[in-house]
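# Chain and residue survey
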Amino acid sequence: RVLRGELGRDTDFRRRFFEEARVMSELDHPNIVRVHHMGEDDGVYYLVMDYVASPSGQPRSLHQELAESPNGRIPPNKVYRWAVQVAQGLAYAHGRGVIHRDIKPANILIGHENNVRITDFGLVKLVGREFLIGQTQVSLRSTDPASLQRTTTAAGSHDARAFSPLDVSRTATGDQQTPSSSDPCGTPDYMSPEVLEGR
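The present account deals with the structure reproduced in this document. Remember, it's a predicted structure, so these values are computed and weren't measured experimentally.

### Examining the overall build of the protein
A count of helical and extended segments in the protein gives seven helices and seven strands. Starting at the N terminus and walking to the C terminus, you meet the elements of the protein as β-α-α-β-β-α-α-β-β-β-β-α-α-α. Burial analysis of the protein (199 residues in total) assigns 38% to the buried set. Excluding contacts between residues fewer than 6 apart, the proportion of contacts in the protein whose partners are at least 24 apart in sequence is 60%. Accessible area for the protein stands at about 11,600 Å²; split by element, carbon and sulfur atoms hold 54% of it.

### A look at the pattern of salt bridges
All chains considered together, the criterion is met by 11 salt bridges. Residue aspartate 12 is joined to arginine 15 by a salt bridge in which the shortest nitrogen-to-oxygen separation is 3.0 Å. Here arginine 15 and aspartate 12 lie together in helix α2 (residues 11-26), a separation of three residues that amounts to about one turn. Take aspartate 12: its relative accessible area is 27%, and that puts it in the partly exposed class. Taking the shortest distance from any N to any O, the salt bridge between glutamate 19 and arginine 22 comes out at 3.3 Å.

### Describing the environment of isoleucine 32
Locating isoleucine 32 in the fold gives a position in the loop between α2 and β2 (35-41). Taking the C-alpha atoms as reference points, isoleucine 32 and leucine 90, 58 residues apart in sequence, are found 8.5 Å from one another. The contact partners of isoleucine 32, leaving out residues within four places of it in the chain, are Leu27, Asp50, Gly89, Tyr92, Ala93, Arg117, Ile118 and Phe121.

### A few points about the nonpolar core
If you look at the biggest cluster of nonpolar residues, it comprises 27 residues, and the most contacted ones within it are Leu27, Ile32, Val98, Ile118 and Phe121. Only α2, β3 (44-49), α4 (76-95), β5 (108-110) and β6 (116-118) provide two or more residues apiece to this core. No other element matches the five residues that α4 contributes to this core. Not counting chain neighbours up to four residues away, the residues in contact with leucine 27 comprise Ile32, Arg34, Tyr92, Ala93, Arg96, Val98 and Phe121.

About the criteria used
Residues numbered from 1 in each chain as written. Predicted model: local features only at pLDDT ≥ 70, side-chain atom pairs only at ≥ 80, totals over all residues. Heavy atoms only, no water. Helix = DSSP H or I, 4+ residues; strand = E, 2+ residues; numbered from the N terminus. Buried < 20%, exposed > 50% of the residue type's maximum accessible area, 1.4 Å probe, protein only. Contact = heavy atoms within 4.5 Å. Areas by Shrake-Rupley, 256 points an atom, 1.4 Å probe, with all protein chains shown as cover. Salt bridge = Lys/Arg side-chain N within 4 Å of Asp/Glu carboxyl O. Core = buried A, V, L, I, M, F, W, Y, C linked by side-chain atoms within 4.5 Å.

Right under this line is the structure:
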């Protein structure tokens, strides 16, 4: 992946590019694309990451799969398999304080064994373990008390190394501080209503 021309000269874009690389290099999961090296050559900034090729041998995203499927529909068995794999990859990332914030079909790649991998962590937000558990508790408090207990217990039972404390103020949205709630991040067609409304 390459950051060329004007984007490479923009310090905000460079910072986001290398923040994405740092985060992706630290995530080691079969459903997440991993970055192995980042660098610069004659003003061109680049990342070296896993090459994800579909069963045909060519790179292919879920977006392409949808566009080329009859009636824009993917068979239910593939949908189920891929939805579970994306959820597993996101759960792993969330467990490490990494929030993707731009999940969409174009950012899901189909690998050679018909497994999917999440890519493009350019809008990543880093949060700490306590923040994640607190957000989960707030979400569940109004629904099922038993779920809250299971979530808290499960979160507390993980290896402490799985939750490295990260600076909550750091994001890859273009400034050093967490953006205000009125600054939505992501692709509008795939944002939740809450994000679009600035909540």
